[in-house]
Amino acid sequence: MTVMPAVTRLRKDLFKPGVTRINGGTVVIDNGCSMPEYIEDDLLDEQRRPYKILIPEMWTPLPAGTRLIVIINGDNVFLMKREKELESLVPEEGPQQAYNNSPHIGHQNQLRYTDMTVSDGNVRIGNFFKNYKNFEMYRKDLTLYAAGFFGFLGWIAIVFAAYGFIFRLTPLGDGYFAVGLPLIPIMTIVTVVVADIMYGRKMKEKYKDLKSVTKVILVRSLRAGGQPLRDFVVCEKNSNGIFETRHYAGTGLADESDASKMLPGQIIYKYTYRNNEVFLGTK
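What comes next is a walk through the structure. (Residues numbered from 1 in each chain as written. Predicted model: local features only at pLDDT ≥ 70, side-chain atom pairs only at ≥ 80, totals over all residues. Heavy atoms only, no water.)

**Considering the sheet that holds strand S12 (residues 277-281)**
The pairing of strands in a sheet happens through backbone hydrogen bonds and is either parallel or antiparallel.
Next up, step 1: Spatial strand order, S10-S9-S8-S11-S12: 5 strands in an open sheet with antiparallel pairing. Each edge of the sheet is formed by a strand with only one pairing partner; in this case those strands are strand S10 (243-248) and S12. Strand-to-strand twist of the sheet, defined as the mean angle between neighbouring strand axes without regard to direction, takes the value 40°. (Pairing = 2+ DSSP bridges. Helix = DSSP H or I, 4+ residues; strand = E, 2+ residues; numbered from the N terminus. Axes fitted to C-alpha atoms, helices over the stretch in contact; angles between N-to-C directions.)

**Some words on the pairing of S10**
Next up, step 1: Two elements, strand S9 (residues 230-237) and S10, share 6 bridges in a ladder whose sense is antiparallel. Across the sheet, residue Val 234 finds its bridge partner in S10, namely Arg 246.
Next up, step 2: Taking the residues that link successive antiparallel strands as the turn, the S9-S10 hairpin has 5 residues, and the phi of Gly 241 there is positive, at about 80°.

**Re the nonpolar core**
Next up, step 1: Tyr 38, Ile 53, Leu 68, Val 70 and Leu 79 are the most contacted members of the largest nonpolar core, which has 13 residues in total.
Next up, step 2: Top element by residues in this core is strand S5 (residues 67-73). It accounts for 3 residues.
Next up, step 3: Apart from the residues within four sequence positions on either side, Ile 53 is in contact with Pro 36, Glu 37, Tyr 38, Glu 40, Leu 43, Ile 105, Gly 106, His 107 and Gln 108.
Next up, step 4: Residues Phe 232, Tyr 248, Leu 253 and Ala 254 belong to the second largest nonpolar core, which totals 12 residues. (Core = buried A, V, L, I, M, F, W, Y, C linked by side-chain atoms within 4.5 Å. Buried < 20%, exposed > 50% of the residue type's maximum accessible area, 1.4 Å probe, protein only. Contact = heavy atoms within 4.5 Å.)

**Observations regarding a negative patch on the surface**
Next up, step 1: Taken together, Glu 85, Glu 87, Glu 92 and Glu 93 make up a surface patch of like negative charges.
Next up, step 2: Residue classification places Glu 85 among the exposed positions, given a relative accessible area of 69%. (Patch = residues over 30% accessible without salt bridge, like charges linked within 9 Å, V, L, I, M, F, W, Y side chains within 5 Å. Areas by Shrake-Rupley, 256 points an atom, 1.4 Å probe, with all protein chains shown as cover. Salt bridge = Lys/Arg side-chain N within 4 Å of Asp/Glu carboxyl O. Lys, Arg positive; Asp, Glu negative; His and termini not counted. Charge placed at Lys NZ, Arg CZ, Asp CG, Glu CD.)

**Comments concerning the packing of aromatic side chains**
Next up, step 1: Scanning all chains against the criterion turns up 8 aromatic pairs.
Next up, step 2: Between Arg 124 and the ring centre of Tyr 269, over which it is positioned, the NZ or CZ distance is 4.0 Å. (Phe/Tyr/Trp six-rings, centres within 6.5 Å; stacked < 30°, edge-to-face > 60°. Lys NZ or Arg CZ within 6 Å of the ring centre and 35° of its normal.)

**Quick word on the side chain of Arg 82**
Next up, step 1: Locating Arg 82 in the fold gives a position in the loop between strand S6 (76-81) and strand S7 (104-105).
Next up, step 2: Despite its burial, Arg 82 pairs with no opposite charge; the closest candidate is Glu 87, at 4.6 Å N-O.
Next up, step 3: Only 2.9 Å separates the side chain of Arg 82 from the backbone oxygen of Val 90, close enough to count as a polar contact.
Next up, step 4: Beyond its immediate stretch of four places on either side in the chain, Arg 82 contacts Arg 67, Leu 68, Ile 69, Glu 87, Val 90, Pro 91 and Glu 92. (Polar contact = N/O pair within 3.5 Å; in protein donor to acceptor, adjacent residues only side chain to side chain.)

Dropping the structure here:
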């Protein structure tokens, strides 16, 4: 069992020579935290206490004391359960036994980054609709495919209905099809173009009041099974410049094709619009 995003997508990036670091970790249970956490063997604060860090993604609950392999590739951190062929990578037991008073953090990367401002924020806001195309669960490409498919069927029905109810009874007769049939692909293309324009207008109307953009550290990004929802957990600085962990749930938070490529620990951008609503993306 692994505690990470889809293995097939990440396997090639997990063990990059010269980049990958491996450490041990231990699952801990804290009744004051609503999400599962772990402590890393050699990651301590100034008082020699291990940090309690949120587990990025976990499909099956793990009991306290479960040993993990912490794989660090640059900004990205992945967790694997220590079992079978992997047991020799880290010790069976961690060196840290006392952690009741340990500080909570959302991700270890928040210890590395101090400046989360975006110097080119206005440029990013100006390029927002160039960078992001597939909003929410309604991907733009799927929307256009649907417009083309149903538009094609609809124009077939219209052309033949027009023949049956109108032109069949006129002197034009079957000669109508010389004009009617070519109209089907032409009007299908027109339907797709119109759908594209309407989609763009809808999104620009929704996100027209973009106010600011800041950097945040991604902890997790998950789609609920069978639900049109994407949940984000991120580390971000509050108005006092202190890191805090925030949970954003629901639709309207990201470009779906962009969000599906996000990795735990990655720096992403939080766009604020309207009444402090947010949009999260990698660009």
